[in-house]
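Listed below are the residues making up each chain.
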Amino acid sequence: MQSRSIRRDLIVSTTLIFVALVVLMEFVLFAYRSADFRRAEERRVITLLHVVAADAIEALQSSDSVVMANSALAAFRDVDRIEAAIIYDARGTIVAHYPANVSPAGSTFPRNAENVEWDGSHLRAITVLRAGDGHPLGFLRTDYNAALDVGAWLRYHLEASLWVAGLIAVLSYLFSRYLDARVSRPLLTLAAVVGKISAEQDFTLRAPPRGDDEIGRLTDGFNSFLERLQIHDRELAQSEARFRGTLDGMLEGAQIIDHEWRYVYVNAAVAHQSRRRREDMLGRTLIDCFPEIEGTHLFAKLRQCMQDRCNVHLENEFRCPDGSSAWFELSVLAVPEGLFILSLDIDSRKRIETALREAKDQAESSDRVKTEFLASMSHELRTPLNAIIGFTGTLLMKLPGPINTEQEKQLKTVQSSGKHLLSLINDILDVAKIESGNVPLHPESVVAQQLIDEAVATLRPAAIAKGLAFEVRMPDSTVQLQIDRRALSQILLNLIGNAVKFTERGSISVTLLPPAAGRLQISVVDTGIGIAVEDQSRLFRQSFVQIHTAASGRVQEGSGLGLYLSHRLTQLLGGELSLRSESGRGSCFTLTLPTEAAEAASVRPEMS
């Protein structure tokens, strides 16, 4: 049907073009002949008027003008197209008319000079009759019927047109046959090859080669395209084979579901995960294989991906037909075929996560029990310990009576040990409060220089006793901040106290920098034993930790709570405590605090 249509269209279009050209040519020829005919008729009428006008002038000059005028008009009897002719004198009176038996009623006196004008197919001509001296004697008017014999004219032109049309038809048919051989047949041959390739999917077929014209180049390009397509098809088949081989050998499950929820590909891992055979899944729908899946959250997600053509990553517990269940990590991708689902069995990981979560809950519960125990015991120990320190002080004041030198020495030892033990118990109680998240803060306006002076005054004697240089650098202007006085004081005492404790010779410096951007910095620098890089993180993260130093060969005395407690208090105040140190080269602790009261942070113990 397509080939007949092309050939028919070619013949019809060629014929129509030729016919249109002939019609146009006939129209132009007709217009030219019509104009030429009018010009010829005008020349004929004017010539005839000039001949009759000579006799009419002579008639108007004679005494018997009427008779001679009618005689002059009688010359029109031999001209069959003259319908009327009239001779007027100079006053406009009709002297004679033709035909003589027809009254020229309604004829008006011509006011114009010599004139020739057309009225449809009628030609009206007027000439002035003048004497020898040029004086006008009158006018001669004629009405000429220039209408053609339409029937004869049409027959003439119809015969000519039929001959021309016949000749054109023959020429157009021959020309269309030539174009058919040159254009349509090669195109039809090419179309037949395309149809055969489309029907048989055989890309080895080729169109017959032609010359070097446009159709030949089109054919060569088509054959070249088929060659590249054949190579691409071969490479695609090889790639698909490699792709399927890769998917088949994957440990992860890989499956493709079409838009009708039908399995079009399933690898061995999916069959193993689903507890089904691949043959039982391919070609069947997801709902047929797993009837209970349609009402699950997983199916709702799959339907959303199918409709919106989006991707999703999720973890899902899947129940198999045999009653067992397992956890899978799913990656769902929208592909042209439908959905590509990659599934990874994470059941073992989920079991480990559950076990770890239970262990974490148990550890947190144990830690809470420990914290509560420490808080309770610390509170119970402080009461009798305060009593011991109080009674020892009373004895040293010799209120109950005199004591000797040895007794006084022993009592001072008891008092010093009691105060040290009370300090440890207070640290333990503070740590327990911090780890339980129950530390009330009472921000107030504090002058930073005063707190630093108080801490330095408390610890300077110990530094002087060890022969250490003690330097304090602070700005002249007063530095005020809104902060909990007791917490900041405890942090300063711990930092400066550690510097004194772990520095055997050299110096200690405390520096307060002017506030900037709403924060201030306090640095405590010593030339002590320093802290190794690998040990620094444990100072702030773990309580009851003491660092064994190579310089001293032993662990320094203390509870190991000072830096841990300082770090936690700094967090509660909204600040930051940092350390820069090297083993054997001293340490620099930098305390950064906001100048305005910070909202208390809930600090929980960190698991390590």
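Refer to the preceding data block for the structure.
Now for a description of the structure that goes with this document. (Residues numbered from 1 in each chain as written. Predicted model: local features only at pLDDT ≥ 70, side-chain atom pairs only at ≥ 80, totals over all residues. Heavy atoms only, no water.)

As for the overall build of the protein
What counts here: Under the scheme used here, helices are H or I runs from DSSP no shorter than 4 residues and strands are E runs no shorter than 2 residues, and both carry numbers assigned from the N terminus. Throughout, exposure labels follow a simple rule: accessible area from a 1.4 Å probe, protein chains only, divided by the maximum for the residue type, with under 20% read as buried, over 50% as exposed, and the rest as partly exposed. Contact definition: two residues touch when any of their heavy atoms are within 4.5 Å. Surface exposure here means Shrake-Rupley accessible area, sampled with a 1.4 Å probe, where a residue is shielded only by the protein chains that are shown.
Secondary structure summary: the protein contains 14 helices and 17 strands in total. The 608 residues of the protein split such that 36% are buried. The contacts in the protein between residues at least 6 apart in sequence include a share of 58% that link residues at least 24 apart. When the accessible area of the protein is evaluated, it comes to approximately 35700 Å², of which 56% is carbon and sulfur surface.

Things to note about the side chain of glutamine 449
Note the following rule: Residues adjacent in sequence count toward polar contacts only when both atoms are side-chain atoms; beyond that, a polar contact is any pair of N or O atoms within 3.5 Å, and within protein one must be able to donate a hydrogen and the other to accept it.
Structurally, the position occupied by glutamine 449 is in helix 11 (residues 448–465). A distance of 3.4 Å separates a polar side-chain atom of glutamine 449 from the backbone oxygen of proline 475.

Digging into the packing of helix 11 against helix 12 (residues 485–501)
Stated precisely, the cut-off is as follows: Where helices are involved, their axes are fitted lines through C-alpha atoms of the stretch in contact, as for all axes, and angles between N-to-C directions lie from 0 to 180°. Roughly parallel means an angle under 35 degrees; roughly antiparallel means over 145; roughly perpendicular covers 65 to 115; every other angle is labelled oblique. Note: crossing handedness is left-handed where the near helix turns anticlockwise from the far helix by less than a right angle, and right-handed where it turns clockwise.
One way to put it is that helix 11 packs onto helix 12 with a least axis distance of 9 Å and a crossing angle of 30 degrees. Between helix 11 and helix 12, the angle falls in the class roughly parallel. Crossing of helix 11 over helix 12 shows right-handed handedness. Where helix 11 approaches helix 12, its residues Leu451, Ile452, Glu454, Ala455, Val456, Thr458, Leu459, Ala462 and Ala463 are matched on the opposing element by Arg485, Leu488, Ser489, Leu492, Leu493, Ile496, Gly497 and Val500.

Structural notes on the sheet that holds strand 16 (residues 576–581)
The cut-off we apply is this: Only when DSSP finds a minimum of two bridges between them are two strands counted as paired.
Taken together, the five strands give an open sheet; going across it, the order is 12-14-15-17-16, and neighbouring strands pair in mixed fashion. Of all strands in the sheet, those with a lone pairing partner are strand 12 (469–473) and strand 16, marking the two edges. Direction aside, neighbouring strands of the sheet carry axes that sit 10 degrees apart on average. Two strands pair when backbone bridges link them, and strand 15 (residues 519–526) and strand 17 (residues 587–594) are joined in this way by eight bridges, in the antiparallel orientation. Opposite arginine 519, over in strand 17, you have proline 594 as the bridge partner. Its contacts with the sheet place helix 12 against strand 12, strand 14 (507–512), strand 15, strand 16 and strand 17, and it is angled at close to 25 degrees to strand 15. Against the sheet, helix 14 (residues 562–572) engages strand 16 and strand 17, with an angle of about 140 degrees to strand 16.

Brief notes about the pattern of salt bridges
Using the following cut-off: Whenever a carboxyl oxygen of Asp or Glu lies within 4 Å of a side-chain nitrogen of Lys or Arg, that contact is scored as a salt bridge.
Within the structure shown, the criterion is met by 14 salt bridges. A salt bridge links glutamate 315 to lysine 350, with the shortest nitrogen-to-oxygen separation between them at 2.9 Å. Residue glutamate 315 is located in strand 8 (residues 312–319), and its partner lysine 350 is located in helix 9 (residues 347–396); the two are separated by 35 residues in the primary sequence. The partner of arginine 349 in a salt bridge is glutamate 353, and the shortest N-O contact between them spans 3.4 Å. On the criterion of helical spacing, the pair formed by arginine 349 and glutamate 353 is a turn pair, its members being four residues apart in helix 9. Relative accessible area serves as the criterion here: at 34%, arginine 349 is assigned to the partly exposed category. The class of glutamate 353 is partly exposed, set by a relative accessible area of 31%.

Topic: the packing of aromatic side chains
Ring pairs (aromatic) are described by centroid distance and by the angle formed between their planes. We apply this condition: Planes of paired rings set the category: under 30 degrees apart is stacked, over 60 is edge-to-face and the rest tilted, where pairs are Phe, Tyr or Trp rings (Trp by its six-membered ring) whose centres lie within 6.5 Å.
Within this structure, the stated rule accounts for three aromatic pairs. Both rings, one in tryptophan 261 and one in phenylalanine 299, keep their centres 5.0 Å apart while their planes meet at 35 degrees; by these two values the pair is tilted. Separated by 38 residues along the polypeptide, tryptophan 261 in the loop between strand 6 (253–258) and strand 7 (263–266) and phenylalanine 299 in helix 8 (residues 297–308) bring together distant segments of the chain. Take tryptophan 261 and phenylalanine 299: they sit in the same class, and that class is buried. The interplanar angle of 80 degrees and the centroid separation of 5.2 Å between the aromatic rings of phenylalanine 290 and phenylalanine 318 together place this pair among those described as edge-to-face. Of the two residues, phenylalanine 290 sits in the loop between helix 7 (286–289) and helix 8 while phenylalanine 318 sits in strand 8, which places them 28 residues apart along the sequence. Overall, the relative accessible area of 6% leaves phenylalanine 290 in the buried class. What makes phenylalanine 318 buried here is its relative accessible area of 15%.

Here we look at helix 12
Put simply, the test is: Here, expected helix span is obtained from the residue count minus one, scaled by 1.5 Å.
Its 17 residues give helix 12 an end-to-end C-alpha distance of 24 Å, which sits within 8% of 24 Å, the value for a rise of 1.5 Å per residue. Burial runs high along helix 12: 12 of the 17 residues are buried. By the burial criterion, the buried members of helix 12 are Ala487, Leu488, Gln490, Ile491, Leu492, Asn494, Leu495, Ile496, Gly497, Asn498, Ala499 and Val500. Put simply, aspartate 484 is the residue that caps the front of helix 12, since its side-chain oxygen is 3.2 Å from the backbone nitrogen of arginine 486.

Digging into the sheet that holds strand 7
Strand pairing in a sheet relies on backbone hydrogen bonds. The paired strands run either parallel or antiparallel. With respect to topology, five strands assemble into an open sheet ordered 7-6-10-9-8, the strand pairing being antiparallel. The strands lining the two open edges of the sheet, one partner per strand, are strand 7 and strand 8. Geometrically, the sheet is characterised by an average inter-axis angle of 25 degrees between neighbouring strands, direction not taken into account. Of the pairings in the sheet, the one linking strand 8 to strand 9 (residues 325–335) comprises eight bridges and is antiparallel in character. By the bridge assignment, phenylalanine 318 is partnered in strand 9 with alanine 326.

Comments concerning helix 11
Put simply, the rule reads: Here the bend at a residue is taken as the angle between two axes, fitted respectively to the seven residues that end there and the seven that start there.
Taking 1.5 Å per residue, 18 residues should reach 26 Å; helix 11 reaches 26 Å between its end C-alpha atoms and fits that length. At leucine 459, helix 11 is deflected by roughly 40 degrees, the largest bend along its length, and proline proline 461 occurs up to four residues later in sequence. If you check which residues of helix 11 are buried, you get Ala448, Gln449, Leu451, Ile452, Ala455, Val456, Leu459 and Ala463. In this structure, the buried side of helix 11 is in contact with strand 11 (443–447), strand 12, strand 13 (480–484), helix 12, strand 14 and strand 15. Two residues or fewer past helix 11, glycine 467 is found with a positive phi of approximately 75 degrees.

Re the pairing of strand 15
Across five bridges, the pairing between strand 14 and strand 15 is antiparallel. For threonine 511, the partnering residue across the bridge sits in strand 15 and is serine 523. Where strand 14 folds back on strand 15, the antiparallel hairpin that results is connected by six residues, among which alanine 517 adopts a positive phi of roughly 55 degrees.

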